[in-house]
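Fold and contact review
Below, each chain spelled out in residue letters.
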Amino acid sequence: MNGSLDEQLQQHLAQRQQSLIRMLGLLKKDMDCRIMQKLQQKGYNNFKLGDLVLIVNIDPQGIINNELARKARITKQAMSKVVKNLEAGGFIHTSKHANDARAAIISLTDEGKKLIICAAESFQEIQEEYTHIVGEDNADALSQILRKLVFSLHPEC
């Protein structure tokens with residue numbers, strides 16, 4: 001065994017617990033579990049968490065499929081599958097675009113609107129739970145840091 005290689009590995013393993021990527025990943029998993037639990041408590045038992053990324057990007061007046069895929073940052077192929085799931089669940093409906101035969105307009109149904117409202121309320125509850133843990137000042141500082149990081153990396157957001 002290479003002592004230097006083993007030492008490097010041990011050093012990385014020791015730092016792993018404090019790794020930003022690990023902590024963000026654990027927090028994301030916690031958020032996902034909490035949001036699903038809250039949505040299930042509100043009656044959304046057959047809803048898939050992965051579908052939420054798409055539905056929250058649908059404008060109230062509807063959106064064309066290509067624009068929705070871009071906003072949700074997913075491929076058009078993945079979006080097609082999610083659209084089918086959401087349409088089958090009664091959360092959205094699709095219609096032909098009046099001027100472009102290749103495009104579809106994706107719109108929220110009343111059930112989709114209710115889901116977005118429930119999700120937003122659930123997000124707020126989760127944020128309040130986290131704020132209770134870390135305190136208002138730390139929650140505000142974290143929000144500012146994350147906002148700066150996201151908008152620096154993705155100014156289009």
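Residues numbered from 1 in each chain as written. Predicted model: local features only at pLDDT ≥ 70, side-chain atom pairs only at ≥ 80, totals over all residues. Heavy atoms only, no water.

Under an unreviewed UniProt entry, the name given to the protein is Winged helix DNA-binding protein, and the organism recorded is Chitinophaga agri.

**Points about the state of the cysteines**
Which entries qualify depends on this criterion: When two cysteine sulfur atoms lie within 2.5 Å, the pair is treated as a disulfide. Exposure classes here rest on a 1.4 Å probe applied to the protein chains alone. A residue is buried below 20% of its type maximum, exposed above 50%, and partly exposed in between.
Scanning the model with the defined rule gives zero disulfides in all. The closest cysteine sulfur to the non-disulfide-bonded Cys 33 is located on Cys 118, 19 Å from its own sulfur. Given the relative accessible area of 16%, Cys 118 is considered buried.

**Quick word on the packing of aromatic side chains**
Heads up, the condition is: In summary, the pairing rule links any two rings of Phe, Tyr or Trp, Trp by its six-membered ring, whose centres are within 6.5 Å, and it sorts them by plane angle into stacked for under 30 degrees, edge-to-face for over 60 and tilted for everything else. The secondary structure listing takes helices from DSSP runs of H or I that are at least 4 residues long and strands from runs of E that are at least 2 residues long, numbered from the N terminus.
Counted under the stated rule, the structure contains two aromatic pairs. Centre to centre, the rings of Tyr 44 and Phe 91 are 6.1 Å apart; their planes meet at 40°, and the pair counts as tilted. Placement of Tyr 44 in the loop between helix 2 (20–41) and helix 3 (49–55) and of Phe 91 in the loop between helix 5 (76–88) and strand 2 (92–96) is noted, with a sequence separation of 47 residues between them. For the pair shown, Tyr 44 and Phe 91 are each scored as buried. Ring centres of Phe 47 and Phe 91 lie 5.6 Å apart, and the angle between their planes is 85°; this geometry places the pair in the edge-to-face category. Of this pair, Phe 47 sits in the loop between helix 2 and helix 3 while Phe 91 sits in the loop between helix 5 and strand 2; the two residues are 44 residues apart in sequence, bridging distant segments of the chain. Its relative accessible area of 6% is what places Phe 47 among the buried residues. Within the aromatic cluster, the residues linked to one another by ring pairs are Tyr 44, Phe 47 and Phe 91.

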